[in-house]
Number of protein chains: 2
Amino acid sequence: MTSYVDNGTDNPNAKRRKLEVPSYVALTTHPTNQSEEVKLNWGAKSPKERRPVIGQQQGAVPRNTIGAHGGSYSIYKALAVATGSLDPHYIPNLHNTEPPFEIPPNPSWYGDDTYKTIMSMDPWGHIIKDAFADELKKGIDIRPTIAVTKAHIDVPEIIDFVRKGEMKPDGEILHENGKISVGKAAIDPVWYLPGLAKRFGVTVAELRQHLFQHTNGMFPELLTRTDLDVFLPPVGGMTAYVFGDVEAIADPDRKVAVRVHDECNGSDVFGSDICTCRPYLVHGIEMCIRMAQAGGVGIIVYFRKEGRALGEVTKYLVYNARKRQEGGDKAEEYFNCTANVAGIEDARFQSLMPDALLWLGVKKIDQLMSMSDMKYNAIVSAGIEVVDRIAIPTDRVPADAQVEISAKVFHGYNGGGVYKVTEEDLKKVKGRGEKSQRSWRRRKQ
Amino acid sequence: MTSYVDNGTDNPNAKRRKLEVPSYVALTTHPTNQSEEVKLNWGAKSPKERRPVIGQQQGAVPRNTIGAHGGSYSIYKALAVATGSLDPHYIPNLHNTEPPFEIPPNPSWYGDDTYKTIMSMDPWGHIIKDAFADELKKGIDIRPTIAVTKAHIDVPEIIDFVRKGEMKPDGEILHENGKISVGKAAIDPVWYLPGLAKRFGVTVAELRQHLFQHTNGMFPELLTRTDLDVFLPPVGGMTAYVFGDVEAIADPDRKVAVRVHDECNGSDVFGSDICTCRPYLVHGIEMCIRMAQAGGVGIIVYFRKEGRALGEVTKYLVYNARKRQEGGDKAEEYFNCTANVAGIEDARFQSLMPDALLWLGVKKIDQLMSMSDMKYNAIVSAGIEVVDRIAIPTDRVPADAQVEISAKVFHGYNGGGVYKVTEEDLKKVKGRGEKSQRSWRRRKQ
């Protein structure tokens, strides 16, 4: 198998790239003459001026981004090429893949407002076949970075509400058998680095330098190709679920309910009772359905930011430290435990989160199912009005999750009049304990 | 803010690294004298000989891996440094983070058998405080790549079984209120490239070249640092859930039930009825509990390989193509639709999957809750005996998921005598349809 000198380009230097790094660096250090022709003009009003996001060089057309399509799944695609199971030249057949419903352009899709213009995804990513029809006709390999579809979903808790008569089927949004009709969009990250740098209050050079150095040298083009402003990072994306009529989002006379949810696999999928993640997600879905049934629309955006974007390994280490600390798991040490293990309490960068809401055209949120001040501040900074902040009903909070919710409310989360935590309360709240045990080594002795 | 010239090392060249790529390349092209002292000896029997996985250079000790800790979350950590919220010098405080139960060493943790020796995770990753106590005393920044903890989980479907009396609480594994006691381990990917290359049947040079080129230049050290054999890739990891007595895994007289589950967020979290993912996961949990209650042990391993490791955007594009194709969604076109969009049907590389089972010490699986031949073949190739393959009960398969299961059974999935699909059946099975709609552009006209 010698396909490894075939890097999916018609570049005459491809063979010389093989294992010679200096020539590779030479190839990527300097912009090619072609790159000006495809340079992305982020914020341009029309897709024609903005130009398509091109994630892979092919033929005479170079990429206009750093990184690769598919977020972290680009690694698996590379393995597929390595094993000969994927042709690196393959161009997706996008026949019949178009969205079954519309998410039309709105003013946040263009412009250069640091917070009110989309900076972390490609707003045209779901309609490339319309927006870049001419380029596709020319055979340019443009790929959707967003996919929109419809689904029927079965949420056991909602089915139970229907069974108990606590929620009434309407036959359109919520069905007799408890099924829910939704529209949904999967969104891959597309980062406009100058825009991100502004939101983070750092220079673009600093952002690029740190992204490169503190990932131990990932994507040298972050330093060498300063002509490329857009980065396709190997991180998880997000998924937006819409309940009810999507056109209600843009209608000032109709109400919008929103839950922006950060992934917590242990709770969302397996129902771990140490946190309120799945209970809050289910409460969000319930409120979205009720809002849609009342003539408005509900939106859940699910962000792949496991364990506050520190990952699940860090999260479990923190659980152990919390359970075993002097005096047991207590609200007052909740945030310190994470900072001890990770050096930081939270790495979710909520300032990126509102882009998904801006893309959908959200201008006003009548019901925000979240108590997080970080989320609230990010949303308001994006120019989205928040009317009501809805706290999770107290009876939905698992006993062992009292530590989490008390700590969060005390540290500025909005208790919505339902949750109040004084310094005294904070000291009182305890969770289940956990004792350590002998190690395999000590056991052997 | 000038902390961006501080790259978290004591390297005197750090400042010169700033934006000068040639010097950076010089720094990483050649092994340092130190690297021999910390070189990982993958497969060595004792942790002392194997040496610790070091993911970040600090002080005089260089990293002995390519990539960064935390999988894809390394990107968020880099953002945290860029914004000044994380000190790049921070060394985790691991006090009290040890596993609350043991996963002791077993012969698959060392050796060089292509399939029977762990190649895609660090078997010592959860017990670094024991295994590398001396190195930690010296102040070397060694980080766990695995974290083990305990949890109580609430799975609505299981709570419903208890309510209906279909499952009997035992007070230890399954409680009166339907809560389930589990042990769990979060595992980050740690890839020994020579081992992966062997499993994939390619040369290490080919694997490194493709990983580098088909991610558009990620980690040049894949080419320049051939002295580093271990890669910390920016992909999601996996989570192992253990039901019942973990010591039963190694006991030949006690039975083991296993479900190896690949992430499907749309079904696992939101209950999308187009596939059998959550139903199969819940069936797996149910069978694991029953096995544990019968004196055995149950294991669920959850792999972060969304949409067959092609990602959720590709998955939704395929859904649309399936629903809209000539004649509607049909089993006979199930796999073709994915291949049309992605160029490949599946990128999950199940040959990596058994490592998690080997790590836990699984030698025999009495009940494997999976119909997948790819999973079965990978497990058997790892030297693990499979006694029974359990198909999902037919009444757990959503109506719209008949297309998926029929296609899979016809293409070699094991129907366990319950599912039989002839070519005639295959042509008959249809799912819900979906019509296209006018685009925003055509609508404007």
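Remember, predicted model here, so these are calculated numbers, not experimental data.

Q: For this particular structure, what's the right way to read the overall build of chain A?
A: Helix and strand counts for chain A stand at 21 helices and 10 strands. Residues counted as buried form 66% of the 445 residues belonging to chain A. Carbon and sulfur atoms make up 51% of the accessible area of chain A, which amounts to about 15800 Å² in all.

Q: I tried to follow the pattern of salt bridges on my own but got confused; where do I start?
A: For side chains bearing opposite charge, pairing can occur when the charged atoms are close. Inspection of every chain in the model, using the stated rule, returns 74 salt bridges over all chains. Its salt-bridge partner being Asp355(A), residue Arg199(A) comes within 2.7 Å of it at the nearest N-O pair. Placement of Arg199(A) in helix H9 (residues 193-200) and of Asp355(A) in helix H17 (residues 354-360) is noted, with a sequence separation of 156 residues between them. Each member of the pair Arg199(A) and Asp355(A) is classed as buried. Residue Arg396(B) pairs with Glu286(B) through a salt bridge whose shortest N-O separation is 2.6 Å.

Q: Hey, could you run me through the packing of helix H15 (residues 312-324) of chain B against helix H16 (residues 334-342) of chain B in this one?
A: Helix-helix packing: each pair is described by the crossing angle between the helix axes and the interaxial distance. Residues and elements named next belong to chain B. Packing of H15 against H16 brings their axes to within 9 Å, and their N-to-C directions diverge by 125°. In terms of their interaxial angle, H15 and H16 are classed as oblique. As for the relative orientation of H15 and H16, their crossing is right-handed in sense. Counting all contacts with H15, which are made through Thr 314, Leu 317, Val 318, Ala 321 and Arg 322, the residues of H16 involved are Tyr 334, Cys 337, Thr 338, Val 341 and Ala 342. Here the contact of H15 with H16 is composed, by residue class, of seven nonpolar, two polar and one charged.

Q: Quick question: what am I supposed to make of the interface of chain B and chain A here?
A: A common way to state how big an interface is: give the accessible area lost once the parts meet. If you look at the interface, chain B gives 144 residues, while chain A gives 144 residues. Inspection of the chain B/chain A interface yields 10 salt bridges. Note that Glu98(B) is salt-bridged to Arg324(A), the shortest N-O span being 3.4 Å. Tallying contributions element by element places helix H5 (residues 74-82) of chain B first for the side of chain B that touches chain A, with nine residues. Looking at the side of chain B that touches chain A, its residues break down into 73 nonpolar, 37 polar and 34 charged.

Q: Would you explain helix H16 (residues 334-342) of chain A in this entry?
A: Since the α-helix packs 3.6 residues into each turn, any two residues three or four apart lie on the same face. Residue and element names in this part refer to chain A. By the burial criterion, the buried members of H16 are Tyr 334, Phe 335, Cys 337, Thr 338, Val 341 and Ala 342. Seen from one end, H16 has its buried residues packed into an arc of 160°, which puts them on one side. Lining the buried residues of H16 we find helix H14 (306-309), helix H15 (312-324) and helix H19 (402-410). One or two positions beyond H16, positive phi appears at Gly 343, with a value near 85°.

Q: Would you take a moment to explain the sheet that holds strand E5 (residues 230-232) of chain B for this structure?
A: Either a parallel or an antiparallel arrangement is found when strands of a sheet pair, and the pairing is made through backbone hydrogen bonds. Residue and element names in this part refer to chain B. With respect to topology, three strands assemble into an open sheet ordered E1-E5-E4, the strand pairing being mixed. Both outer strands of the open sheet, strand E1 (66-67) and strand E4 (191-192), are each paired with one neighbouring strand and no more. As judged from the two bridges shared by E4 and E5, these two strands associate in the antiparallel manner. Along E5, the bridge assignment pairs Trp 191 with Phe 231.

Q: Looking at this structure, I do not really get the relation of the copies chain B and chain A. What am I missing?
A: The second copy of the chain is related to the first by a rotation about an axis and a shift along the axis. When chain B is brought onto chain A, the operation consists of a screw motion whose angular component is 180° and whose axial shift is 0.0 Å, with 0.0 Å RMSD remaining. Those values place the two copies in the arrangement expected of a two-fold rotation axis. A share of 100% of interface residues in chain B that are also interface residues in chain A marks the association as one of identical surfaces.

Q: Explain the pairing of strand E8 (residues 297-303) of chain A here, please?
A: Successive side chains on a regular strand alternate, one facing one side of the sheet and the next facing the other. Residues and elements named next belong to chain A. E8 sits mainly inside the fold: seven of its seven residues count as buried. Of the two faces of E8, both are covered, the one formed by Val 297, Ile 299, Val 301 and Phe 303 as well as the one formed by Gly 298, Ile 300 and Tyr 302. Note that strand E6 (residues 238-244) and E8 share seven bridges and pair antiparallel. From the neighbouring strand, Thr 239 faces E8, where its bridge partner is Tyr 302. As defined by bridge partners, strand E7 (residues 256-262) adjoins E8 across seven bridges and the pair is classed as parallel. Directly across from Ala 257, in E8, lies its bridge partner Gly 298.

Q: What's the story with the packing of helix H8 (residues 156-163) of chain A against helix H8 (residues 156-163) of chain B in this structure? I'm lost.
A: In the contact formed by H8(A) and H8(B), the axes pass within 9 Å of each other and the chain directions differ by 45°. Classed by the angle they form, the pair H8(A) and H8(B) counts as oblique. Contacts from Pro156(A), Glu157(A), Asp160(A) and Arg163(A) of H8(A) reach H8(B) at Pro156(B), Glu157(B), Asp160(B) and Arg163(B). Grouping the amino acids of the contact of H8(A) with H8(B) by side-chain chemistry returns two nonpolar, no polar and six charged.

Q: Can you walk me through the packing of aromatic side chains in this structure?
A: Centre-to-centre distance and the angle between the planes together describe a pair of aromatic rings. Applying the stated criterion to the full structure yields 22 aromatic pairs over all chains. Relative to Phe231(B), the ring of Trp191(B) lies with its centre 6.2 Å away and its plane at 70°, an arrangement referred to as edge-to-face. Residue Trp191(B) is located in strand E4, and its partner Phe231(B) is located in strand E5; the two are separated by 40 residues in the primary sequence. Looking at Trp191(B), the relative accessible area reads 3%, which means it is buried. Accessibility expressed as a relative area gives 0% for Phe231(B), which makes it buried. Members of the aromatic cluster, connected to one another through ring pairs, are Tyr73(A), Tyr76(A), Trp191(B), Phe219(B) and Phe231(B). Above the face of the Tyr376(A) ring, Arg389(A) is positioned so that its terminal group lies 3.9 Å from the ring centre. Note that Arg259(B) overlies the ring of Tyr280(B), its terminal NZ or CZ placed 4.3 Å from the centroid.

Q: In this structure, what is going on with the nonpolar core? I would like to understand it.
A: In summary, soluble globular proteins display a tendency toward joint burial of nonpolar side chains. In this structure, Phe243(A), Leu357(A), Trp359(A), Phe243(B), Leu357(B) and Trp359(B) are the most contacted members of the largest nonpolar core, which totals 210 residues. Setting aside its immediate chain neighbours within four residues, Phe243(A) contacts Ile153(A), Ile180(A), Val182(A), Ile285(A), Cys288(A), Ile289(A), Ala292(A), Val297(A), Gly298(A) and Ile300(A).

Q: Looking at this model, I keep getting lost on the sheet that holds strand E9 (residues 364-368) of chain B. Mind explaining?
A: Residues and elements named next belong to chain B. Pairing within the open sheet is mixed, and its seven strands lie in the order E2-E3-E6-E8-E7-E9-E10. In this open sheet, the two edge strands, each paired with only one partner strand, are strand E2 (146-153) and strand E10 (385-389). The average undirected angle you get between the axes of adjacent strands in this sheet is 25°.

Definitions and cut-offs
All residue numbers refer to position in the chain's written sequence, counted from 1. Following the order in which they are written, the chains are lettered starting with A and the ligands numbered starting with 1. With pLDDT at 70 or above as the cut-off, local features in this predicted model cover only qualifying residues; side-chain atom pairs require 80 or more to be listed or tallied, and sums for whole chains, interfaces and linings still use all residues. Water and hydrogen atoms were dropped before computing side-chain values, which therefore reflect all heavy atoms in the structure. Counting from the N terminus, the helices are the DSSP runs of H or I reaching at least four residues and the strands are the DSSP runs of E reaching at least two. Buried residues are those whose accessible area, probed at 1.4 Å on protein chains only, stays under 20% of the maximum for their type, while exposed residues exceed 50% and partly exposed ones sit between those limits. Throughout, the Shrake-Rupley method with a 1.4 Å probe supplies accessible areas, and for residues the shown protein chains are the sole cover considered. By convention in these notes, a salt bridge is any Lys or Arg side-chain nitrogen within 4 Å of a carboxyl oxygen on Asp or Glu. Axis lines are fitted to C-alpha atoms, over the contacting stretch for helices. Their N-to-C directions set the angle, which ranges from 0 to 180 degrees. Throughout, the term roughly parallel applies to angles under 35 degrees, roughly antiparallel to angles over 145, roughly perpendicular to angles from 65 to 115, and oblique to all others. For any helix crossing, the convention is left-handed if the near helix is rotated counterclockwise from the far helix by under a right angle, and right-handed if that rotation is clockwise. Whether two residues touch is decided by their heavy atoms; if any such pair falls within 4.5 Å, the residues are in contact. Residue polarity follows a fixed list, in which Ala, Val, Leu, Ile, Met, Phe, Trp, Tyr, Cys and Pro are nonpolar, Asp, Glu, Lys and Arg are charged, and the others, Gly among them, are polar. The arc in question is formed by the directions pointing from the helix axis toward the C-beta atoms. We call two strands paired when DSSP finds no fewer than two bridges between them. Here the copies are matched by least squares. The fit uses the C-alpha atoms of residues with pLDDT of at least 70 in both. Two rings from Phe, Tyr or Trp (for Trp, the six-membered ring) form a pair when their centres are within 6.5 Å of each other. A pair whose planes differ by under 30 degrees is stacked, one over 60 is edge-to-face, and the rest are tilted. Any Lys NZ or Arg CZ found within 6 Å of a ring centre and within 35 degrees of that ring's normal is scored as a charge over the ring. For this analysis, a nonpolar core means a set of buried residues of the types Ala, Val, Leu, Ile, Met, Phe, Trp, Tyr and Cys, connected via side-chain atoms within 4.5 Å.

These results come straight from atomic positions and should not be treated as a statement about function.
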